[in-house]
Amino acid sequence: MLFSHLKIRVIPKIAESTRNMCKSTLYLFFIFATPFVLYRCIFSLSMSSSWSSSASKADAETLRRKRINSSKLYFHVIPSKVPIIYSSYYDISFLGIEKLHPFDSSKWGRVCRFLISEGHLQKNSIVEPQEASRDDLLVVHMEAYLNSLKSSMNVAMIAEVPPIAILPNFLVQMKVLSPFRKQVGGTILAAKLAKDQGWAINVGGGFHHCSSGRGGGFCAYADISLCIHFAFVRLDISRVMIIDLDAHQGNGHETDFANDGRVYILDMYNPEIYPFDMEARNYITQKVEIVSGTTTDKYLKELDKALEEARRNFAPELIVYNAGTDILDGDPLGGLKVMPDGVVQRDEKVFRFARERSIPLVMVTSGGYMKSSARVIADSIINLSRKGLIDITSRQRRR
């Protein structure tokens, strides 16, 4: 009985001691294991988030490629045509409202009329592009941004023409945005023609202030960014150089291709004028800032140095040349003092840069806020033809 009594008293003490030991062991286990468990949880969540983000990017890229491959903007151009792209739909004219902005919205048509009337170009040799569809625009643009253009107020702010705000949006679409979309189609097609024939000039386009999610500075669609993405997919091009010689900084394409090693951006601009986009300046590969009052000789010397540096640093398979004429002396927005002959020489230097390296070149005409711009662009195209850098005679005439 005594033994039995002792046994009963000893067993609970052993059990309690064991329980306390187990508690202590579990306590120590949780102390040491908790950080590991937390790490594994955080790592798993991070990997899940990373995978989700990667999957989302992959899905977006797949959709982009699908849109590009199903687009009708690339089409066969008959051999008798020359790679100069223009449509009468480019020109914007609506009750004189377009005159409230300093941009000459009829300059594109006047460039072609100069070339045709003086016998340098046949009307039926010009290539007419298709208008970019919503699916085409979604290759680069956010859906929310395209939806914002259904507001006449938003379009008025982008075009910098206040009276547009009071117009019904269907009129704004027809008279303002449709011409822009037609020019977008022209810039995109120009890359295909340049790959086929060595060069192409879209007499319009060059909306370099527009990015995927924001318009401004008379630029509603990002035609340069769209052109390049189409070239990546449809032309199997992997390296593109943008040479932006408009007087204004090309903040739109700079934002779209931020830190994208496939795109080299040479931007030669006046930092003292619109858009003052300091963030986008961080994405310029080769920045050349030229101050207000810069004259022809100084400008061309800076360009020579810039092109030589670009040649050493990058080997593109396509060049997109944004050839704004707002560098002209007297332009109300550019602030520079380059003479008309300087613009002609500038364009010749860029075309020669591409020709000597057998690099296809797309030229778009971009900004230019004087009536004389159209004459200067036409003279430049004539000079390029005379120097043998382009051939604007139709094949029928060559025979």
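Residues numbered from 1 in each chain as written. Predicted model: local features only at pLDDT ≥ 70, side-chain atom pairs only at ≥ 80, totals over all residues. Heavy atoms only, no water.

- The protein chain appears in an unreviewed UniProt entry as histone deacetylase from Theobroma cacao.
- Under the UniProt heading Cofactor (unreviewed entry), the entry covering the protein chain gives this text: "Zn(2+)".
- UniProt's Catalytic activity (unreviewed entry) comment on the protein chain is quoted here verbatim: "N(6)-acetyl-L-lysyl-[histone] + H2O = L-lysyl-[histone] + acetate". (UniProt positions renumbered as here; feature names shortened; annotations may be inferred.)

## Observations regarding the sheet that holds strand β5 (residues 286-289)
Next up, step 1: Reading across from one edge, β1-β2-β7-β6-β3-β4-β5 is the order of the seven strands in this open sheet, with parallel pairing throughout. Here the strands that pair on one side only, and so sit at the sheet edges, are β1 (84-85) and β5.
Next up, step 2: In this sheet, strand β6 (residues 318-322) lies alongside strand β3 (residues 240-244) in parallel orientation, the contact comprising five bridges. Directly across from Val240, in β6, lies its bridge partner Leu318.
Next up, step 3: Lying on the sheet, helix α10 (residues 296-313) is in contact with β3, β4 (263-269) and β5; it crosses β4 at an angle near 170°. (Pairing = 2+ DSSP bridges. Helix = DSSP H or I, 4+ residues; strand = E, 2+ residues; numbered from the N terminus. Contact = heavy atoms within 4.5 Å. Axes fitted to C-alpha atoms, helices over the stretch in contact; angles between N-to-C directions.)

## Examining the pattern of salt bridges
Next up, step 1: Enumeration according to the criterion identifies 21 salt bridges in this entry.
Next up, step 2: With a shortest N-O distance of 3.5 Å, Arg64 and Glu61 are connected by a salt bridge. One end of the pair is Arg64 and the other is Glu61, both in helix α1 (residues 2-70) and three residues apart, which spans about a single turn.
Next up, step 3: A residue is classified by how much of its surface remains accessible, and Arg64, at 22% relative accessible area, is partly exposed.
Next up, step 4: Note that Glu118 is salt-bridged to Arg375, the shortest N-O span being 2.6 Å. Of this pair, Glu118 sits in the loop between α2 (107-117) and α3 (134-137) while Arg375 is found in helix α12 (residues 372-386), placing the two residues 257 residues apart along the sequence.
Next up, step 5: One continuous salt-bridge network, built from bridges that share partners, spans Glu118, Arg375 and Asp379. (Salt bridge = Lys/Arg side-chain N within 4 Å of Asp/Glu carboxyl O. Buried < 20%, exposed > 50% of the residue type's maximum accessible area, 1.4 Å probe, protein only.)

## Concerning a nonpolar patch on the surface
Next up, step 1: Residues Tyr274, Phe276 and Met278 make up a contiguous nonpolar surface patch of roughly 320 Å² in combined accessible area.
Next up, step 2: Looking at where Phe276 falls in the secondary structure, it is placed in the loop between β4 and α9 (278-281).
Next up, step 3: When its relative accessible area of 47% is taken as the criterion, Phe276 is described as partly exposed. (Patch = residues over 30% accessible without salt bridge, like charges linked within 9 Å, V, L, I, M, F, W, Y side chains within 5 Å. Areas by Shrake-Rupley, 256 points an atom, 1.4 Å probe, with all protein chains shown as cover.)

## Description of the packing of aromatic side chains
Next up, step 1: All chains considered together, the criterion is met by five aromatic pairs.
Next up, step 2: An angle of 75° between the planes, with centres 5.4 Å apart, marks the rings of Tyr86 and Tyr90 as edge-to-face. Assigned by exposure class, Tyr86 and Tyr90 land together as buried.
Next up, step 3: A ring pair is formed by Tyr264 and Phe314, whose centres lie 5.2 Å apart and whose planes are at 25°; its orientation type is stacked. You can see Tyr264 sitting in strand β4 and its partner Phe314 sitting in the loop between α10 and β6, a full 50 residues away along the chain. For the pair shown, Tyr264 and Phe314 are each scored as buried.
Next up, step 4: The aromatic ring of Phe114 is capped on one face by Arg375, whose charged end is 4.3 Å from the ring centroid. (Phe/Tyr/Trp six-rings, centres within 6.5 Å; stacked < 30°, edge-to-face > 60°. Lys NZ or Arg CZ within 6 Å of the ring centre and 35° of its normal.)

## Quick word on the pairing of β6
Next up, step 1: Here β6 lies mainly inside the structure; five of its five residues are buried.
Next up, step 2: Side-chain alternation along β6 places Leu318, Val320 and Asn322 on one buried face and Ile319 and Tyr321 on a second face that is also buried.
Next up, step 3: Where the polypeptide runs from β6 across helix α11 (residues 340-355) and back to strand β7 (residues 361-364), its parallel neighbour, the crossover connection is right-handed. (Right-handed = clockwise from strand over helix to strand, strands pointing away.)

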